[in-house]
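Residue-level structural notes
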Amino acid sequence: MSWGLLVLLLLVNSALANGRGDRCQKTQQHRVARIGAVVDFTSRVGKEQRIAMDLAIQDLLHSSCLTVNLDLRDSQGNSAKSTAAVINLLNVKQVEAIIGTLTKQEAALVSEIDNRSQNFTIISLPSTAINPPSASLQLPNFLQAANDIVIHMQCLAALVGHFQWRKVTAIYEQNIDFSSNSGMITLLSDSLKLVNSEIEHHQAFPTRSSLFYPDAFFDEELKKLRSKSNRVFIVTQFSLNTAVFLFEKAKERGMMGKGYVWIVTDEIASLLDSVDSSIKYNMQGVIGIKTNFIETTHNFTKFKTRFRRLYGLQYPEEEENSSPSIFALRTYDAMHAIALAMKNATSKHLSQEIVSTEFQGLSGMMEFKNGMLSQQPTFQIINVFGRSYSEIAFWSPSFGFSEDMNKHLDMKERTNHNYVQVLGPINWPGGLQAAPKGWTLVDGERPLKIGIPARGAFNQFVKVTYDQDKKQTHISGFSIDIFEAAVKNLPYQFSYVYVPFNGSYDELVEQVYYKGLDAAVGDIEVIADRYHYVEFSQPYISSGLQMVVTVKPDKLKEKWMFMNAFSKSMWLLMITTHLSVCFVVWFIECEHGQNFELEGIGAILWFSVTVLFFVQRERVQSNWARLVLAPWLVVILVVTATFTASLTSMMTISRVQPSVLNVETLKEENGTVGCNGNSFIVRYLIDVLEFRPENIKRISSISDYPKAFQNGDIQAAFFVAPHAKVFLACYCKGYTKAGPIYKPSGFAFVFPKGSPLAIDLSKAILDVNERKQVELLEKQMLSSFNCSPSLNLNDGPIGYEPFSGLFLISGLVCAFALLVTSGRIAGRHLQNMSCIRAILMKTGILRWAFMYLIQSCRKSQKHCSTTSILETCSTRNMSSGGDIVIITHQ
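Residues numbered from 1 in each chain as written. Predicted model: local features only at pLDDT ≥ 70, side-chain atom pairs only at ≥ 80, totals over all residues. Heavy atoms only, no water.

1. Quick notes on the packing of helix α2 (residues 44-64) against helix α11 (residues 298-314)
- Across the interface, α2 lies against α11 with an axial gap of 10 Å and an inter-helix angle of 120°. Here α11 runs oblique to α2, going by the angle between their axes. In the crossing of α2 with α11, the sense of the turn from one axis to the other is right-handed. Residues Arg44, Lys47, Glu48, Ile51, Ala52, Asp54, Leu55, Gln58 and Asp59 of α2 form the contact with α11, whose own contacting residues are Phe303, Arg306, Phe307, Leu310, Tyr311 and Gln314.
- Of the residues belonging to the contact of α2 with α11, the class tally is seven nonpolar, two polar and six charged. (Axes fitted to C-alpha atoms, helices over the stretch in contact; angles between N-to-C directions. Helix = DSSP H or I, 4+ residues; strand = E, 2+ residues; numbered from the N terminus. Parallel < 35°, antiparallel > 145°, perpendicular 65-115°, else oblique. Left-handed = near helix turned anticlockwise from the far one by under 90°. Contact = heavy atoms within 4.5 Å. Nonpolar A, V, L, I, M, F, W, Y, C, P; charged D, E, K, R; others polar.)

2. A short note on the packing of aromatic side chains
- Going through the model one piece at a time under the given rule, you end up with 37 aromatic pairs.
- Taken together, a centroid distance of 5.6 Å and an interplanar angle of 85° make the contact between Phe458 and Phe719 edge-to-face. One end of the pair, Phe458, is in the loop between β18 (448-453) and β19 (463-467); the other, Phe719, is in strand β28 (residues 716-720), with 261 residues separating them in the sequence.
- When the ring of Phe461 is compared with that of Phe478, the centres are 5.7 Å apart and the planes differ by 90°; the resulting orientation is edge-to-face. One end of the pair, Phe461, is in the loop between β18 and β19; the other, Phe478, is in helix α16 (residues 478-488), and 17 residues separate them in sequence.
- Over the aromatic face of Tyr315 sits the side chain of Lys47, whose NZ or CZ is 5.2 Å from the ring centroid. (Phe/Tyr/Trp six-rings, centres within 6.5 Å; stacked < 30°, edge-to-face > 60°. Lys NZ or Arg CZ within 6 Å of the ring centre and 35° of its normal.)

3. Concerning a nonpolar patch on the surface
- Residues Tyr513, Tyr514 and Tyr533 make up a contiguous nonpolar surface patch of roughly 360 Å² in combined accessible area.
- Counting through the fold element by element, Tyr513 comes out in helix α17 (residues 505-513). (Patch = residues over 30% accessible without salt bridge, like charges linked within 9 Å, V, L, I, M, F, W, Y side chains within 5 Å. Areas by Shrake-Rupley, 256 points an atom, 1.4 Å probe, with all protein chains shown as cover. Salt bridge = Lys/Arg side-chain N within 4 Å of Asp/Glu carboxyl O.)

4. Observations concerning the pairing of strand β26 (residues 673-676)
- Note that β26 and strand β27 (residues 696-699) share four bridges and pair parallel. Bridging from a neighbouring strand, Val673 pairs with Ile696 of β27.
- Regarding the hand of the β-α-β motif, the stretch spanning β26, helix α23 (residues 681-687) and β27 is right-handed.
- As defined by bridge partners, β26 adjoins β28 across two bridges and the pair is classed as parallel. When the sheet's bridge partners are listed, Gly674 is paired in β28 with Ala717. (Pairing = 2+ DSSP bridges. Right-handed = clockwise from strand over helix to strand, strands pointing away.)

5. So, the sheet that holds strand β8 (residues 232-236)
- With mixed pairing, eight strands are arranged side by side in an open sheet as β7-β6-β8-β9-β10-β15-β16-β17. One side of each edge strand has no neighbouring strand; the edge strands of this open sheet are β7 (198-205) and β17 (400-402). This sheet shows a mean twist of 25° between the axes of neighbouring strands, independent of strand direction.
- Running over the sheet, helix α6 (residues 183-193) touches β6 (167-173), β7 and β8 and is turned about 160° from β7.

Quick look at the structure:
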């Protein structure tokens, strides 16, 4: 029945073609094009390409009156057959162009065998991404309808970086031309480095059809991969048939369960629509990256319907899975590109015309540059689940991830509004909803070797003891406690053993780099040059370089120590305000006129002294004086209590002065310094602080530092900050910190580059810190010493600011009382003057005085003239209220 339908469809198409041919002949626009094609009929991609070519031939005849004589050859996936078919098409069939799944090496071989092939256009339709050829190696007239593989590698790296997987395993098929060398692995590795990841292993699998016993071979290779700790597998540059077999075997070996991550690239993901549900069952949880194309246009919908109908007729056994992939769309568009170019160019210049022509096809913009497609693709990230797959994100090299295509197309809005990159929900292998960590500890794997410094100067952090009786080594210390607390917070368990290391700290770090040790734990400082070799965890305690020196008593400051309780401005304000208040009290009492105990300067001075201690015997009788004195007594009470507390604190805590103030003083005096000879401090003192090597004394134990100070061997010691804290806690008398903290950093654990354990332990350390376990363990370590470290009083003397409110209230009351008292005295004074004048006028004394003055003026010609002198004096008679006017004429 199906063959009958196929014959009927071909007859109808032939009749339609004849009708269109007659129309084209009438308009004299008909043209015949000879095109050769070489595809693999046995592969899914080859079948789709064959159907797409047939549909393109029909549409070209209908739209442009171009009859295409297509000579189709089957390569059967064999490179030699492909090369022979191309040569035959050029020499025997004399085609004008060739299209098919030809590689660059096959085209180069044809060019070497037959020079005439250089004048013919070859469009390659690879099923995998390609590496852009260099200008010197680019073949003329050879075009590849594929994207740059670098963009595919960037998408893979972005996905790996999103989930922070530090190591991956790359799997590729060996027979594919590009992956026959290390080019693809190198490009993937370079992209992964940008997201702090790397390829831990890479494995090449031969094509299934090339193996006599594929089951045994695949089982053995997958067993090797399973024995590794890495669980992130990237399957790239694979044919569909070999990939299907790979996942079938991986399912059998339990490698599609919890904890595993599988990522497939475009050549597999784009063909998932064509595989049945049994194959998808073996790929549950797989993440795929497929080239996105628009499926909602009218042209695509029409093409898809015709494609499914014709594919079902040609391959009825695959009728249920007959949707076209990106490879069918590119084949269809490539045929149209050749047809458009043939209208304006001969076969010799056909490739140039194709390059200069661009059009919007079903697969996107069909435009060639440097021998390949120039448009950057957008990838659809899919997740195989159930009988199909779900879309979880879109990715492009310019804008990264986005949730759906609408947001991804709206590039401007996403850029302006800082759109957050989010992936949709993912069903991982084994049914997990949370992203796997990407690695595991394999059963039977040896315990991790954790190196610890055995010769550290401060065994409070790492202490190594050996029990002779039990023949056992005991490891303890603050750093060990932190590490074991962090390990307990991990969501999994792993075995490890401590390996005491007798070298320096730098040599310990180098052993991790050279894989002699799996990690290092201890009081290891995070410094920049070590980052080139290893990876550090989150610092578990802050650190930095601290200078410790002996102390000398500050005798001058101890003699006048009480003066430092308050600042100079506070002392001046206290004295001034106190004397002012005492003066106002005396002034008010004098104005009152009845307090004989406060008469005289001596009395008021003594009163000002006794008030300070609340022992004054002089009575204050005036209410105004009491009002002034009351708030001031409150001020004296508060200030006295503060002075007592400050002075007590100053005399209780030892005030010391460093014997050496800073590094510059040490270098000027050519002083000798001591430090841990196994640490980085020696290099830092020489390279950064520029000490002379002969002025640096290496000290191996904490107990040797006091001896070196006492003997005068060193004038200062340099410790990392946690070590300095321990030293000052142990030897609290006679030593103090000096100068700033140099090179702030911290103590951390050391791992090889890319170790996933470093990330997990960093999170665990943060959890330990949030629970204040680090602080508690540090207190326990310092509490084992008998004394507390010496302290320097860095707080300055107390100023007037804390008492400004009290001073303001007392001052305002004092000023107001002074103003009132002054006003009362002034009013009483004016009243007394008026009474005196009235008495003088009544007794005639004032009149006599005026007459006496006039006579005196007559006798003195120097002061009085002979002219009339008019003197008028008006005074108020207080008793009668009248005015007395005296007028005198000369």
